[in-house]
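# Summary of structural features
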Amino acid sequence: MRDGGRFIIGFGQAFAVWAVALAVVFLFRYVALGWSCLAAAVVGVILIGQWHQRHARRDSAVGAFSGALLWPVLIGVGILAIDFVSLLTSDFE
């Protein structure tokens, strides 16, 4: 497999962890559960990266570690963009 493919594997696994964490946050509206899920997602992605690193899959580890930082930023930007568009198209002022 090409090196770029291994990066995508780690990055995709990090996305899956964040997607599950966000699904739990949105399904159950308890603040403590939400923060616990987000903390568990950070730890989970770091553990995935460590696992890949120990099994000599350096490219997948870089993808997972990148996903630990990049996915929350992208999700946050997406939420802000949705909020901005909804404010622009809202009739209520």
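Attention in this report is confined to the structure presented alongside it. Position numbers for residues count from 1 along each chain, tracking the sequence in the order it is written. This being a predicted model, a pLDDT of at least 70 is required before a residue's local features are given, and a value of 80 or more before pairs of side-chain atoms are given or counted; all residues contribute to the totals for chains, interfaces and linings. In computing side-chain properties, one takes all heavy atoms of the structure into account and sets aside hydrogens as well as water.

### Section: the overall build of the protein
Selection rule: Runs of H or I in DSSP of at least four residues are treated as helices and runs of E of at least two as strands, each being numbered from the N terminus. When accessible area is computed with a 1.4 Å probe and restricted to protein chains, residues below 20% of their type maximum are described as buried, those above 50% as exposed, and intermediate ones as partly exposed. Computed with the Shrake-Rupley method and a 1.4 Å probe, the accessible areas treat only the protein chains shown as cover for residues. Counted as positive: Lys and Arg. Counted as negative: Asp and Glu. His and the chain ends are not counted at all. Charge coordinates come from a single atom per side chain, which is NZ of Lys, CZ of Arg, CG of Asp or CD of Glu.
Along the protein, the regular secondary structure elements total three helices and zero strands. Ordered by position in the sequence, the α and β elements of the protein form the string α-α-α. Split into buried and exposed, the 93 residues of the protein put 20% on the buried side. Counting every atom, the protein has about 6,700 Å² of accessible surface; 72% of that belongs to carbon and sulfur. For the protein, the separation between the mean place of its 6 positive charges and that of its 5 negative charges on side chains is 24 Å.

### Some points on helix H2 (residues 31-54)
Cut-off, in case you're wondering: By this rule the span expected of a helix is its residue count minus one, scaled by 1.5 Å.
Along its 24 residues, H2 runs 35 Å from first to last C-alpha, staying within 8% of the 34 Å computed at 1.5 Å per residue. Residue alanine 56 follows H2 closely and has a positive phi angle near 60 degrees.

### Observations concerning the side chain of histidine 52
The line we're drawing: In this analysis, two residues are considered to be in contact whenever any of their non-hydrogen atoms come within 4.5 Å of each other.
Tracing the chain through its elements places histidine 52 in helix H2. Apart from residues lying up to four places away in sequence, histidine 52 is in contact with Gln13, Arg57, Arg58, Ser60 and Ala61.

### Focus: the environment of leucine 70
Tracing the chain through its elements places leucine 70 in helix H3 (residues 58-89). Taking the relative accessible area as the measure of exposure, leucine 70 reaches 37% and is therefore partly exposed. For the pair formed by leucine 70 and alanine 14, sequence separation is 56 residues and the distance between their alpha carbons is 9.5 Å.

### Topic: H3
For clarity, the cut-off: Two axes enter the definition of the bend at a residue: one is fitted to the seven residues ending there, the other to the seven starting there, and the bend is the angle between them.
Here H3 contains 32 residues, and its C-alpha end-to-end distance of 45 Å stays within 8% of the 46 Å for a straight helix at 1.5 Å per residue. The largest bend in H3 is about 40 degrees, located at glycine 67.

### A few points about the environment of valine 20
Examined against the element boundaries, valine 20 turns out to sit in helix H1 (residues 3-27). Through-space distance from the C-alpha of valine 20 to that of cysteine 37 is 8.9 Å; in sequence the pair is 17 residues apart.

### Some details on the packing of aromatic side chains
Short version of the rule: Aromatic pairs are defined between Phe, Tyr and Trp rings, using the six-membered ring for Trp, whenever the two ring centres lie within 6.5 Å; interplanar angles under 30 degrees are classed as stacked, those over 60 as edge-to-face, and all others as tilted.
Across all of its chains, the model carries three aromatic pairs by this definition. Between phenylalanine 15 and tryptophan 71, the aromatic rings sit 4.7 Å apart at their centres with planes inclined by 50 degrees, giving tilted as the arrangement. Of the two residues, phenylalanine 15 is situated in helix H1 and tryptophan 71 in helix H3; the sequence distance between them amounts to 56 residues. An aromatic cluster is built from Phe7, Phe11, Phe15 and Trp71, whose rings are joined through pairwise contacts.

### A closer look at a nonpolar patch on the surface
Rules: The patches reported here contain residues having more than 30% relative accessible area and no salt bridge. Joining distances are 9 Å for like charges and 5 Å for nonpolar side chains (Val, Leu, Ile, Met, Phe, Trp, Tyr). We define a salt bridge as a contact between a side-chain nitrogen of Lys or Arg and a carboxyl oxygen of Asp or Glu at a distance within 4 Å.
A surface patch of nonpolar side chains, amounting to about 460 Å² of accessible area, comprises Leu27, Phe28, Tyr30 and Leu33. Inspection of the secondary structure assignment puts leucine 33 in helix H2.

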